[in-house]
Amino acid sequence: MRHTISALVENKFGVLARISTLFAARGFNIDSLSVGETEDPDVSRMTIVVRGDDRILEQVEKQLNKLVDVIKVIDFKGTAHLERDLVLVKVKADKTTRSEILQIVDIFRAKIVDVAADSLIVEITGDVNKIEAILLLLKPFGIKEMCRTGIIALARGLK
Amino acid sequence: MIKTGSEIFVECLLRENVDILYGIPGGQLIPIFDKIYGSQLKLILTRHEQGAAHMADGYARSTGKTGVCIATSGPGATNLVTGLANAYLDSIPMVAFTGQVPTTLIGNDAFQEADITGITRPVTKHNYLVKDVKDLATVIREAFYIASTGRPGPVLVDIPADVQRASTEFIWPEKVSIRSYRPNYEGHPGQIKKAAELINSSKRPVLYVGGGVITSESSAEVIALAKKAEIPVTTTLLAIGAFPPDSELCLGMPGMHGTYFANHAIQNSDLLIAVGSRFDDRVTGKVSAFAPHARIIHIDIDPTSISKNVVVDVPVVGDAKSILLELNKEIKKSSHGEWISQINKWKKAHPITYQKDAKLRPQYVIEAIDELTKGEAIVVTEVGQHQMWAAQFYKAKKPRTFLSSGGLGTMGFGLPAAIGAKMANPDKIVVDISGDGSFQMNVQELATAVLNKVNIKVAILNNQYLGMVRQWQEMFYGKRYSATCLHRVPSCPEKCSKPGTKLCPAYTPDFVKLAEAYGAVGIRISTKKDVVPALKKALAVNKPVILEFMVEQEENVLPMVPAGAALDEIITNLA
Ligand SMILES: Cc1ncc(C[n+]2csc(CCOP(=O)(O)OP(=O)(O)O)c2C)c(N)n1
Ligand SMILES: [Mg+2]
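Everything numeric here is computed off the predicted structure, so don't read it as measured data. (Residues numbered from 1 in each chain as written. Chains lettered and ligands numbered in written order. Predicted model: local features only at pLDDT ≥ 70, side-chain atom pairs only at ≥ 80, totals over all residues. Heavy atoms only, no water.)

Student: Give a detailed account of the overall build of chain B, specifying residues and quantitative values.
Tutor: Within chain B one finds 23 helices and 20 strands. For chain B, whose C-alpha radius of gyration is 24 Å, the value lies close to the compact-globule estimate of 25 Å for 575 residues. Each of the three principal axes of chain B carries a C-alpha extent, and together these read 70 × 70 × 45 Å. Counting all 575 residues of chain B, 60% fall into the buried class. Considering only intrachain contacts with a sequence separation of at least 6, the fraction spanning at least 24 residues in chain B is 75%. For chain B, the accessible area works out to roughly 22600 Å², and carbon and sulfur atoms hold 53% of it. (Helix = DSSP H or I, 4+ residues; strand = E, 2+ residues; numbered from the N terminus. Rg over C-alpha atoms; globule rule 2.2 N^0.38 Å. Buried < 20%, exposed > 50% of the residue type's maximum accessible area, 1.4 Å probe, protein only. Contact = heavy atoms within 4.5 Å. Areas by Shrake-Rupley, 256 points an atom, 1.4 Å probe, with all protein chains shown as cover.)

Student: Pulling in residues and values, what's your account of the packing of helix 3 (residues 49–63) of chain B against helix 5 (residues 81–89) of chain B?
Tutor: Angle between the axes and distance between the axes are the two parameters that describe a pair of packed helices. All names here are of chain B. Their axes nearest at 7 Å, the elements helix 3 and helix 5 cross at an angle of 25 degrees. As summarised for this structure, helix 3 and helix 5 are arranged roughly parallel, according to the angle between their axes. Only Thr82, Gly83, Asn86 and Ala87 of helix 5 make contact with helix 3, whose side of the interface consists of Gln50, Ala53, His54, Asp57 and Arg61. (Axes fitted to C-alpha atoms, helices over the stretch in contact; angles between N-to-C directions. Parallel < 35°, antiparallel > 145°, perpendicular 65-115°, else oblique.)

Student: So what's going on with the coordination of the magnesium ion (ligand 2)? Which residues, and what values?
Tutor: Residues and elements named next belong to chain B. Protein coordination at the magnesium ion (ligand 2) comes from Asp436 (OD), Asn463 (OD1) and Tyr465 (O), with a distance range of 2.1 to 2.2 Å. Mapped onto the sequence, the donors of the magnesium ion (ligand 2) take the spacing D-x26-N-x1-Y. With Asp436 in helix 19 (residues 436–439) and Asn463 in the loop between strand 18 (457–462) and helix 21 (467–476), this pair connects stretches of sequence that are 27 residues apart. Overall, the relative accessible area of 5% leaves Asn463 in the buried class. (Donors = N, O, S within 2.8 Å, 3.2 Å for Na, K, Ca; no water.)

Student: Pulling in residues and values, what's your account of the side chain of Gln164 of chain B?
Tutor: Residues and elements named next belong to chain B. Along the polypeptide, Gln164 turns up in helix 8 (residues 161–165). On the basis of relative accessibility, which here comes to 1%, the residue Gln164 falls in the buried class. Among all residues touching Gln164, those that are not within four sequence positions of it are Thr4, Gly5, Ser6, Gln28, Leu29, Pro31, Ile32, Gly99 and Ile159.

Student: I'd love a proper account of the packing of aromatic side chains, names of residues and values included.
Tutor: What the rule picks out here adds up to 12 aromatic pairs over all chains. The interplanar angle of 85 degrees and the centroid separation of 5.8 Å between the aromatic rings of Tyr145 of chain B and Tyr181 of chain B together place this pair among those described as edge-to-face. Here Tyr181 of chain B lies in the loop between strand 8 (167–169) and helix 9 (189–201) and Tyr145 of chain B lies in helix 7 (residues 136–148), a separation of 36 residues in the sequence. Residue class for Tyr145 of chain B comes out partly exposed when judged on its relative accessible area of 28%. For Tyr181 of chain B, a relative accessible area of 8% translates into the label buried. Seen from their ring centres, Trp339 of chain B and Trp346 of chain B are 6.0 Å apart, and the 90 degrees between their planes marks the pair as edge-to-face. Taken individually, Trp339 of chain B and Trp346 of chain B each receive the classification buried, so the pair is uniform in this respect. Following the ring pairs from residue to residue traces out a cluster consisting of Phe9, Phe97 and Phe144 of chain B. The ring of Phe13 of chain A carries the charged tip of Lys131 of chain B above its face, separated from the ring centre by 4.2 Å. Sitting above the plane of the Tyr364 of chain B ring, Lys528 of chain B keeps its charged end 4.8 Å from the centroid. (Phe/Tyr/Trp six-rings, centres within 6.5 Å; stacked < 30°, edge-to-face > 60°. Lys NZ or Arg CZ within 6 Å of the ring centre and 35° of its normal.)

Student: So what's going on with the domain arrangement of chain A? Which residues, and what values?
Tutor: Residues and elements named next belong to chain A. Domain boundaries assigned for chain A yield domain 1 (2–75) and domain 2 (82–155). Inter-centroid distance (C-alpha atoms) of domain 1 to domain 2 is 28 Å. Listed as interface residues are 8 residues of domain 1 and, on the opposing side, 8 residues of domain 2. Each partner contributes to the roughly 550 Å² buried at the junction of domain 1 and domain 2, and carbon and sulfur atoms together form 49% of this total. Here Glu83 and Arg2 are joined by a salt bridge, their closest N and O atoms 3.1 Å apart. Where domain 1 packs against domain 2, one counts 4 residue pairs in polar contact (both at pLDDT 80 or more). (Domains from an automatic or database assignment. Buried area = accessible area lost by both parts, 1.4 Å probe. Salt bridge = Lys/Arg side-chain N within 4 Å of Asp/Glu carboxyl O. Polar contact = N/O pair within 3.5 Å; in protein donor to acceptor, adjacent residues only side chain to side chain.)

Written as structure tokens, this is what we have:
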């Protein structure tokens, strides 16, 4: 089962290591992990996407909560929330393929952020489905390099 | 007032009411040791940092107060690791301080640098690297707070040498408030009600209590609950002393070397009330077959303990004492005559016993210690067969008087822990029940005991083997005694499972001479009739005494639930 977990943590050194150690000790492979500041500069939000047995994951969440530097843990499973991933992808492009790529980029409301003689860099934001879909279409042109921020997520509605 | 980091260290420890700390100095700790020198802090110089950690642990286990130890950077710090892991697994409040290379050198592989916060992350409740002297007082305050509240545990504070030397305005934080750490003490009233209903309607209840009952000082509440609802009680290794051993309701220890009747009571119960216990695999045996007919109530301060190994029906998260106080109001007075008489039948059919003949058997030694001290001593153990016999045959009457390394099973824990316990309880008899293997793992601390006049008594049950491992080899590996004979020399036959023949090389060391070399008293006992007189003599001497009991070599700990078997597949004798 895929889980998107958000942990609000003290913005201190060593916190990331404590958290990743917990997952590693249980044999979980982290699909993605992103860390960044929140509305409070002393607090960072980590968004962690993992797959694993629900019961073991529940245990890991409790253990996350138990870490002294962790303020709050939220598992978004079953709650209305938004997920976004940002991807930069360098696609092979020449005269013959460029316009076709531009069309795809357009349809997905992605952006071209760099143009070179034999390639383009496309910037895509969206949820997992959108990103997987556009990547699938770009793949045949030849993907030279790719980089993702990892999922970030927020619950919908009022806090 | 402007103070240096080292002065702040001393001041903070005094304000935390630390009266004693254990440790060894080194290059990166000289500033702090300089301020300890001549201060009101009593520093006990140990002979190994592991000894320092276990002494702090023994001090903490026997008093409930936070134990403190200190070690220098690098090897000093890494020597603490076993002691921290040991305290972590048994939830013992401890604060460990380490010196660190100056902040400017951190990360450079400097001389005696070790990333000790990185190394100890999985074996501490929390740890700190203090990079700025301004943070030192707050960090020390937080460290003591975190170590001793919620589910207690060890906290490490790493202090670089330049931080020890730097100065700042000293401000003592009166209050500690950590927004990300707020242990919950009160149990949920609705959950307590549900628990009470289950208890009121149960026919075959069992109380399964663990170390949390000692930590939360709730032995009186457990006794009250057991009496009011007539519930038999099984106490884990860490809870020995929490329930009176002479009570009809006492089942002794559960699990691998637990009693037949405790294990059968669990397997046949319709309600298991777990209090401050964590369903360790040495207790549950095969988890899928554990307590198959029972609903389970679990009272524990740590949410991560709930439904970790065994799914529970009614969890109550909070402090055991306050929860039991509420619970005891909600439960009806009841009796379970039929259940108790069934248990009494099991007790009669399969008591904890051993062969009572003319031989010097290890269990007899423990019984003699129990009788002579009336179960009122503080007994500390090492790890192995002798530990299990101590748990089975020593009848500790009070909490904090049976101290054993449960979670980590650390050979070498007993001697230093006994020293820590004796220093905290100078008027009590403190006996370390030891094995010949374990004793040698921290034997250097005999010097600490002798020089500080810490008059502990060490009873070595010398079976000339790493006995617990030998027992598994005998029972499950066709008596192939691979590396368990402590006589073995290169000229021994490749395979040998015959102990004590005339051809065996001499045992090393001579524990009596060793005791004497350290300035302690050594007594060797080779026959059953000499046991009691030797013990009496040891108790009368005002010095550390090492008693070496030359016990039956191949005695086994029984009963036994083989690893991976269900609790009712318990072996009571070896045919
Ligand atoms: C530090 C450490 N190393 C190894 C072990 C594995 N071990 C468990 S019991 C035991 C034998 C203990 O021998 P001894 O102290 O003589 O006690 P006995 O079982 O003979 O009573 C060993 C090696 C351990 N528990 N701790
Ligand atoms: Mg032995």
